Amino acid sequence: MSSEMVTGLSTQWLPIVFGLIYGSIIGYKVSSEELNRTSYIVIFVVSFFVAIGVGTYPDYQWTLFERVIRFSEAFFSAVIGFFITMFIRRQ
Amino acid sequence: MKTKDFQEARNIIAGISLLIASFFIMRTLYQFSGYVIPGMSYLYNLYGGNIAPNIITVILFDFRNWDTLGEVFILVTAVITTTMVFGWGSLKGYKKSETPEITEESTVLQRFMAFPLTVLLIGFGVTLILGGHISPGGGFPGGAVLATGYFLLVVIYGLKKTPIKFTHRYLVNLSTIGVLIFLLIGVVGLVLSGFYLYNTGVDPYGIVSIDSMGWDTFLSYPDPTTPGIIPYLNLGVSLNVLAGLSLIVLFLMEANKDE
């Protein structure tokens, strides 16, 4: 983990918490067995790239090939929170 | 005289009345320009940069937060009105052969793409909400995007087979929690500074003194842009908007189910 990421995690932990809570609030009400489970991993990968696409200034950043890449932690944590509560409810 | 003649005379009288009223309104507006003092504009420019870089958000939430509170109550009023007009559908039960008509019209591609798209919309809505203090967005648009995700599912899968099954009580609870977050943060500002909805997380006027309790600022947001209470207010508004718009969608769809 680079030093930029460590600094970001130490100062910007609240968007992750709020994203998880928000995703949980909506994912808590998911109850359907008709959905294709193999598509979940596709959604995960796509949401990772979309999170990079919508990242703006205060979000986490790291330098890759001399380019600054910003990652929207709120986006990705909301998706993770959604899936976590959805799987817990299905158990 | 015929009826037509009366109508023509009435039109002439109405036209003259409109001219007289327009004259006085324009004259009042012209004189009113002398009383406008651009003081608040100076305040925006002076203190706005200390609170959040997005000046629109600063104006909306930090100087005109009553305006946002009014929007929230307008939404509540809209939900109540929709409930009164279309809420009778929720009192009826499902028929045995009930499948909402729209579900049968949706294609395979729509059913395949609706749920993944909704997951991405939820992430995007949360991004808008939590980034509202620095980038375009905020609680209202973010909550509307979240409700759009639910609306998409309801339209494509139908009310009975939708993957996200919001209940009335759950949405009412969410809406109440959202409004309470907004109001209680305002009370915190009132208690600590004497001003309702004062930004205690930034304290731009330096009137909050809670050093004895071990805090420099109360309700500050861990962010390099130091927006203070604005993200929390965004959260409250977005919860209310998500629940309110979803309730409207729910009632409109339920009103259709037994017809």
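Cut-offs applied
Residues numbered from 1 in each chain as written. Chains lettered and ligands numbered in written order. Predicted model: local features only at pLDDT ≥ 70, side-chain atom pairs only at ≥ 80, totals over all residues. Heavy atoms only, no water. Helix = DSSP H or I, 4+ residues; strand = E, 2+ residues; numbered from the N terminus. Buried < 20%, exposed > 50% of the residue type's maximum accessible area, 1.4 Å probe, protein only. Contact = heavy atoms within 4.5 Å. Areas by Shrake-Rupley, 256 points an atom, 1.4 Å probe, with all protein chains shown as cover. 1 Å grid on protein atoms, 1.4 Å probe; cavity = no way out; pocket = protein on both sides within 12 Å on 5 of 7 lines; lining within 4 Å. Points joined across faces, edges and corners; volume = space filled by probe spheres on them. Nonpolar A, V, L, I, M, F, W, Y, C, P; charged D, E, K, R; others polar. Buried area = accessible area lost by both parts, 1.4 Å probe. Salt bridge = Lys/Arg side-chain N within 4 Å of Asp/Glu carboxyl O. Polar contact = N/O pair within 3.5 Å; in protein donor to acceptor, adjacent residues only side chain to side chain. Axes fitted to C-alpha atoms, helices over the stretch in contact; angles between N-to-C directions. Parallel < 35°, antiparallel > 145°, perpendicular 65-115°, else oblique. Left-handed = near helix turned anticlockwise from the far one by under 90°. Pairing = 2+ DSSP bridges. Expected span 1.5 Å × (residues − 1). Phe/Tyr/Trp six-rings, centres within 6.5 Å; stacked < 30°, edge-to-face > 60°. Lys NZ or Arg CZ within 6 Å of the ring centre and 35° of its normal.

Chemist: Outline the overall build of chain B, listing residues and values.
Modeler: Within chain B, the secondary structure is distributed over nine helices and zero strands. Counting from the amino terminus, chain B carries its helices and strands in the arrangement α-α-α-α-α-α-α-α-α. Expressed as a percentage of its 259 residues, the buried residues of chain B come to 44%. Residue pairs in contact within chain B that sit at least 24 positions apart in sequence constitute 70% of those at least 6 positions apart. Summed over its atoms, the accessible surface of chain B is roughly 14000 Å², and 69% of this surface lies on carbon and sulfur atoms.

Chemist: Could you give an account of empty space enclosed by the protein, with specific residues and numbers?
Modeler: This model, assessed by the stated rule, comprises one cavity of 30 Å³ or more. A volume near 30 Å³ is recorded for the largest cavity. Lining the largest cavity are Ile26(A), Ile122(B), Leu146(B), Tyr150(B), Ile164(B), Phe166(B) and Leu242(B). Taken together, the residues of the lining of the largest cavity sort by class into seven nonpolar, no polar and no charged.

Chemist: Talk me through the interface of chain B and chain A; I want residue IDs and the actual numbers.
Modeler: Taken together, the contacts link 32 residues of chain B with 32 residues of chain A. Note on chain B versus chain A: buried area summed over both sides is about 2900 Å², and carbon and sulfur give 79% of it. Area buried by chain B at its contact with chain A is led by Phe115(B), Leu120(B) and Pro222(B), which between them contribute 18% of it. Taken together, chain B and chain A are joined by zero salt bridges. Along the contact surface separating chain B from chain A lie four residue pairs in polar contact (both at pLDDT 80 or more). Among the elements of the structure, α6 (108–130), α7 (139–157), α8 (168–193) and α9 (230–256) of chain B are those that each provide at least two residues to the side of chain B that touches chain A. For the side of chain B that touches chain A, the element with the most residues is α6(B), which contributes 11 residues.

Chemist: I'd love a proper account of the environment of Val179(B), names of residues and values included.
Modeler: Residues and elements named next belong to chain B. Along the polypeptide, valine 179 turns up in helix α8. Judged by its relative accessible area of 14%, valine 179 falls in the buried class. For valine 179 and leucine 153, which are 26 residues apart along the polypeptide, the C-alpha to C-alpha distance reads 26 Å. Those residues in contact with valine 179 that sit more than four places away from it in its chain are Val72, Phe73, Gly236 and Asn240.

Chemist: I'd like a rundown of the packing of helix α4 (residues 73–90) of chain A against α6(B), residues and numbers included.
Modeler: Angle between the axes and distance between the axes: these two values describe a pair of packed helices. Two elements in contact, α4(A) and α6(B), have axes whose closest approach is 8 Å; the angle formed by their N-to-C orientations is 130°. Taken together, the axes of α4(A) and α6(B) lie oblique to each other. The element α4(A) and its partner α6(B) pack so that their crossing is right-handed. Residues Ala74(A), Phe75(A), Ala78(A), Val79(A), Phe82(A), Phe83(A) and Met86(A) of α4(A) lie in contact with α6(B), whose contacting residues are Phe115(B), Val119(B), Leu120(B), Ile122(B), Gly123(B), Phe124(B), Val126(B), Thr127(B) and Leu130(B). A class-by-class count of the residues in the contact of α4(A) with α6(B) yields 14 nonpolar, two polar and no charged.

Chemist: Let's hear about the pairing of strand β2 (residues 67–71) of chain A: which residues, and what values?
Modeler: For strand β1 (residues 60–64) of chain A and β2(A), the ladder comprises five bridges, and the chain directions are antiparallel. The partner of Leu64(A) across the bridge, within β2(A), is Arg67(A).

Chemist: Which residues make up α8(B), and what values go with them?
Modeler: All names here are of chain B. Along its 26 residues, α8 runs 38 Å from first to last C-alpha, staying within 8% of the 38 Å computed at 1.5 Å per residue. Regarding α8, the residues found buried are Tyr170, Leu171, Leu174, Ser175, Gly178, Val179, Phe182, Ile185, Gly186, Gly189 and Ser193. Of the residues trailing α8, glycine 194 is marked for its positive phi of about 95°.

Chemist: Run through the layout of surface pockets, naming residues and quoting values.
Modeler: Estimated volume of the largest pocket: approximately 210 Å³. Forming the walls of the largest pocket are 20 residues, and the residues nearest its centre are Thr56(A), Asp59(A), Thr127(B), Gly131(B) and Ser135(B). For the lining of the largest pocket, the secondary structure elements donating two or more residues are α4 of chain A together with α6 of chain B. It is α6(B) that contributes the most residues to the lining of the largest pocket, four residues altogether. Counted by class, the lining of the largest pocket contains 10 nonpolar, seven polar and three charged residues.

Chemist: Lay out helix α2 (residues 14–27) of chain A with the relevant residues and their values.
Modeler: Across its 14 residues, α2(A) extends 20 Å between first and last C-alpha, which sits within 8% of the 20 Å expected from 1.5 Å per residue. Turning to α2(A), its buried residues are Leu14(A), Pro15(A), Phe18(A), Gly19(A), Tyr22(A), Gly23(A), Ile25(A), Ile26(A) and Gly27(A).

Chemist: An account of the packing of aromatic side chains is needed here, citing residue identities and associated values.
Modeler: Here a ring pair, both rings aromatic, is described through the centre-centre distance and the interplanar angle of the planes. What the rule picks out here adds up to 17 aromatic pairs over all chains. Here the aromatic rings of Tyr28(A) and Tyr170(B) are separated by 6.1 Å at their centres, their planes lie at 25°, and the arrangement is stacked. Of the two residues, Tyr28(A) is situated in the loop between α2 and α3 (39–54) and Tyr170(B) in helix α8; the pairing between them involves two chains. Taking the relative accessible area as the measure of exposure, Tyr170(B) reaches 18% and is therefore buried. The ring of Tyr170(B) has Lys29(A) lying over it, and the distance from NZ or CZ to the ring centre is 4.7 Å. Looking at Arg89(A), its charged tip hangs above the ring of Tyr28(A), at a distance of 4.6 Å from the centre.

Chemist: Please provide a residue-by-residue account of the side chain of Asn199(B), values included.
Modeler: Position of Asn199(B) relative to the elements: it lies in the loop between α8 and α9. Given a relative accessible area of 2%, Asn199(B) falls into the buried group.

Everything listed is a geometric property; what it means functionally is a separate question.
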